[in-house]
Amino acid sequence: MAGRINDDDVKAVRDAVPIDSVVSEYLQLRNAGGGNLKGLCPFHDEKSPSFQVSPSKGLFHCFGCQEGGDTIAFVMKIDHLSFSETVERLAAKAGITLRYEEGGYNPGHQRGERIRLIEAHKIAAEFYAGQLASPEAEIGRKFLAERGFDQAAAEHFGVGYSPAGWDHLTRFLRGKGFSDRELIVSGLSQEGRRGPIDRFRGRLMWPIRDVGGEIVGFGARRLREDDNGPKYLNTPETPVYKKSQVLYGVDLAKKEIAKTSRAVVVEGYTDVMACHLAGVTTAIATCGTAFGGEHIKILRRLLMDNGSARVIFTFDGDAAGQKAALRAFEDDQKFAAETYIAIAPDGMDPCELRLAKGDDAVVDLVEPRTPLFEFALRQIVNRYDLDTPAGRAAALDEAAPVVAKIKNVSSQHEVAVQLAGLVGILDTQFVVRRVAQIARWQRGGGKDQGGPQRGDGRRQRSYGEVQAPSGPAGPALNLRSPAHRTERELLKLALQYPALVSPAFDAYGTDEFTAPPYAAVRQCIQDAGGADGAPADYLDAVREAAPNDTVRALVTELAVETVFAKTVDEVYAGAQLVQVRLRAVDRRIRDVQGTLARLGAHGDPERLAAVQNELWVLTQYGQSLRNHGAAAL
């Protein structure tokens, strides 16, 4: 029977491996004060960090789910290992040789299943990498070279080659002491008529690592025409490989993702390679499955969901890519990060783009430009003829339920306003009310609560039957929304540093603040006499002008909340003024464009000319704001 690990060795392992270095392999940690670190708990889903690590004490504790313990307890919990498996893994990391009591040191028998399977994959990866230099692998080397990857690139990513014979790897691993059962369970081999045979044969091989850097599976690319298997063949589900819980390249990208609060999601192994070699070292990819909830949890822990976090998806411009974008949009609100989409010209993927136009083109591709929700809605709306009332109604019928799924009311309102502009419906409040109505209906499980309006005549309601909300809907804390975040920042400046935003701020209308609570605070400032020349009792006057305790509490909150910038000066204040005004101008431009779409080419000439003139003026003003900043206000 296997002996237990010597107690002194367990203590040595615990002392030798700092808990913060181990935990930071799985999530981003930030200073929590008092020598502690904090991050998003990996053991339960949370939006604000309640998971704390004390490096000096060697302990962790989550104040949300109450999980806690030392380094060994953390690894046991997160990787589902036994005590001895965990100590052995950490000992290997620290270079400590363990002693075993009641039977002595016999590593082949002491290690648990996970440790054995991980070791089998590590040895297999070394075997495949060595085979890439063989004469048989010339077709694989050519495949890589044609895509711009040299030997150094292959070595950096661990790319290898699986020989075309039946059992080359199987026999090699048997020689290393692995049993047939272990080879089958690992997914490296499969049952043949006369025993185990290699699962991967005659293919280019990419090792897939988990967040901790352990090889847990492989992705295999078909090279020969006589290979009747799928183009890409991945490791099947095993005790160590769950495709919904792994991201290719995350081991290489995790530090940069945590450092920059940015992640780029691409579609394949070669795209990850191309991005990293081009300098986009935050690129990761799913492994033969759609990007889903478990992948989001991994990224959220690395991004820590701070307000500036960004996730950029790259999808092909074809129908499959558009479908993938819509699927990603359904999970969008699980992030606190802003999500964007990037589509290369001519539908090229990052690998093709790098070959055609170089590294700079790849870097430029993943600069955030188009919000994912905007792209997703355009894919829906563009299928309809928006020049006709029936087309606009049908587009709204399909798109509104998608927007209604957004749980955050502030985000839902903002996206509904933009949907009105996309469809060309001038009455934005009708679209907002309709989306809200569908959301209520969806929350009720589709039961009759007024029912969603439809353009096909079923459950149709007139505008007058839907009542607008009677006031602010409570504090808008949706700081993932760029518009709301900037509006909040401008209001904090107007309350805390009124001289910096004067006199421009007093010319801003309440309609330039898209969140109703923020618009209410703007009204309070106006009713108190404005920010320009604010007297000593300015804040008291603004609080007194509040119509109710909810708005008054928000005024107080904004008056004491720290301004985001390290340096609060006229330049920063001007930037917030410009952003709020520019978004208001852009919203109005979308409204006017919707009006033009409704008027069509055969509308009233005078009305058409007036609308076109307004659009020209707004466009010029928007361009001036972009070019000259606060000087154009």
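Just so it is clear, the model here is predicted, and its values are computed rather than measured. (Residues numbered from 1 in each chain as written. Predicted model: local features only at pLDDT ≥ 70, side-chain atom pairs only at ≥ 80, totals over all residues. Heavy atoms only, no water.)

Draft legend 1. Region of interest: the overall build of the protein. Scanning the protein for helices and strands turns up 27 helices and 16 strands. Taken across its 633 residues, the protein has 49% of its residues classed as buried. Partitioning the contacts of the protein with sequence separation of at least 6, the portion at a separation of at least 24 is 65%. About 29,400 Å² of surface is accessible on the protein, with carbon and sulfur atoms providing 50% of the total. (Helix = DSSP H or I, 4+ residues; strand = E, 2+ residues; numbered from the N terminus. Buried < 20%, exposed > 50% of the residue type's maximum accessible area, 1.4 Å probe, protein only. Contact = heavy atoms within 4.5 Å. Areas by Shrake-Rupley, 256 points an atom, 1.4 Å probe, with all protein chains shown as cover.)

Draft legend 2. Focus on the packing of helix α21 (residues 482-496) against helix α26 (residues 570-599). In contact at an axis separation of 9 Å, α21 and α26 are set at 135° when each is read in the N-to-C sense. In terms of orientation, α21 lies oblique with respect to α26. For the pair α21 and α26, the sense of crossing is left-handed. Of the residues in α26, those touching α21 at P482, A483, T486, E487, E489, L490 and L493 are Y572, A573, Q576, L577, Q579, V580 and R583. Residues belonging to the contact of α21 with α26 are distributed by class as follows: eight nonpolar, three polar and three charged. (Axes fitted to C-alpha atoms, helices over the stretch in contact; angles between N-to-C directions. Parallel < 35°, antiparallel > 145°, perpendicular 65-115°, else oblique. Left-handed = near helix turned anticlockwise from the far one by under 90°. Nonpolar A, V, L, I, M, F, W, Y, C, P; charged D, E, K, R; others polar.)

Draft legend 3. Representation of the environment of V22 in the model. By the element assignment, V22 lies in helix α2 (residues 19-23). On the basis of relative accessible area, V22 is assigned to the buried category, the value being 4%. With 68 residues separating them in the primary sequence, V22 and L90 have C-alpha atoms 9.2 Å apart. Every residue in contact with V22, bar those within four places of it in the chain, is listed here: V17, T71, F74, V75 and L90.

Draft legend 4. Region of interest: the sheet that holds strand β9 (residues 203-209). The sheet built from four strands is open, its strands ordered β6-β9-β10-β11 with antiparallel pairing. At either margin of the open sheet sits one strand with a lone partner, and together these are β6 (160-162) and β11 (232-234). When strand polarity is set aside, the average angle formed by the axes of neighbouring strands in this sheet is 35°. The pairing of β9 with strand β10 (residues 215-222) spans seven bridges and is antiparallel. Its bridge partner lying in β10, W206 is registered against G219. Helix-sheet contacts for helix α12 (residues 269-278) involve β9, β10 and β11, and the interaxial angle to β9 is about 70°. (Pairing = 2+ DSSP bridges.)

Draft legend 5. How the structure looks around the pairing of strand β2 (residues 36-39). Taking every second residue as pointing to the same face, the buried face of β2 carries L37 and G39, while none of N36 and K38 on the other face is buried. Between strand β1 (residues 30-33) and β2, which pair antiparallel and follow one another directly, the connecting turn spans two residues, one of which, G34, has a positive phi of 65°. Direction of pairing for β2 relative to strand β3 (residues 51-54): antiparallel, over a ladder of three bridges. When the bridges of β3 are listed, L37 appears paired with V53.

Draft legend 6. Spatial organisation of the nonpolar core. Within the largest apolar cluster, 79 residues are counted, with the highest numbers of intra-cluster contacts made by F51, F74, L299 and L419. When neighbours within four sequence positions are excluded, L419 is seen to be in contact with L377, V381, L396, A399, A400, V403 and V431. Core analysis: the second largest hydrophobic core is formed by 44 residues, F149, A153, A361 and V362 among them. (Core = buried A, V, L, I, M, F, W, Y, C linked by side-chain atoms within 4.5 Å.)

Draft legend 7. Broad picture of the pattern of salt bridges. One pass over the full model with this rule turns up 25 salt bridges. For R89, the salt bridge identified is with E214, shortest N-O distance 3.2 Å. Taken together, the residues span a long stretch of sequence, with R89 in helix α4 (residues 83-94) and E214 in the loop between β9 and β10 at a distance of 125 residues. For R378, the salt bridge is made with E374, and the minimal N-O distance between the two is 3.4 Å. Of this pair, R378 and E374 both sit in helix α17 (residues 372-381), four residues apart, which is roughly one turn of that helix. Among the residues examined, E374 registers a relative accessible area of 22% and is labelled partly exposed. (Salt bridge = Lys/Arg side-chain N within 4 Å of Asp/Glu carboxyl O.)

Draft legend 8. Structural detail: the pairing of β10. Extensive coverage of β10 is indicated by the burial of seven of its eight residues. The turn linking β9 back onto β10 is made up of five residues, and G213 within it adopts a positive phi angle of 95°. In the sheet, β10 pairs with β11 via three bridges, with the strands oriented antiparallel. Bridge pairing in β11 places G219 opposite N234.

Draft legend 9. Fine view of α12. Counting buried residues along α12, nine of its ten residues qualify, which places the element largely inside the surrounding structure. Those residues of α12 lying buried are Y269, T270, D271, V272, M273, A274, C275, H276 and A278.

Draft legend 10. Just the packing of aromatic side chains, in detail. Under the defined criterion, the tally for this structure stands at 17 aromatic pairs. Where Y248 meets Y269, the ring centres are 4.9 Å apart and the plane angle is 85°; that geometry is what we call edge-to-face. Taken together, the residues Y248 in the loop between β11 and α11 (250-260) and Y269 in helix α12 connect sequence positions 21 residues apart. Like Y269, Y248 is buried. Through pairs of rings, three or more aromatic residues link up here, namely Y26, F43, F51, F60 and F74. Taking NZ or CZ as reference, K77 lies 5.8 Å from the ring centre of F43, over its face. R581 extends its terminal NZ or CZ atom over the ring of Y508, reaching a point 4.1 Å from the ring centre. (Phe/Tyr/Trp six-rings, centres within 6.5 Å; stacked < 30°, edge-to-face > 60°. Lys NZ or Arg CZ within 6 Å of the ring centre and 35° of its normal.)

Draft legend 11. Up close: the packing of α17 against helix α18 (residues 389-404). Look at α17 against α18: their axes get within 9 Å of each other, and the N-to-C directions meet at 155°. The orientation of α17 with respect to α18, classified from their angle, is roughly antiparallel. For the pair α17 and α18, the sense of crossing is right-handed. In this structure, α17 contributes L377, I380 and V381 to the contact, and α18 contributes A395, E398, A399, V402 and V403.

Draft legend 12. Spotlight on the sheet that holds β3. Strand order in the open sheet formed by five strands is β1-β2-β3-β4-β5, and the pairing between neighbours is antiparallel. A strand with exactly one partner marks an edge of an open sheet, and here the two such strands are β1 and β5 (68-70). Averaged over all adjacent pairs, the angle separating strand axes in this sheet is 25°, with direction ignored. Where strand β4 (residues 59-62) and β5 come together, three bridges link them in antiparallel fashion. Its bridge partner lying in β5, F60 is registered against G69. Where helix α3 (residues 71-79) meets the sheet, its contacts fall on β3, β4 and β5, and the angle it forms with β5 comes to roughly 120°.

Draft legend 13. Region of the structure containing helix α19 (residues 409-423). Taking 1.5 Å of rise per residue, 15 residues should cover 21 Å, and α19 covers 21 Å from first to last C-alpha, within 8% of that figure. Counting buried positions along α19 gives 13 out of 15 residues, so the element sits mostly inside the fold. Two residues or fewer after α19 comes G424, characterised by a positive phi angle close to 95°. (Expected span 1.5 Å × (residues − 1).)

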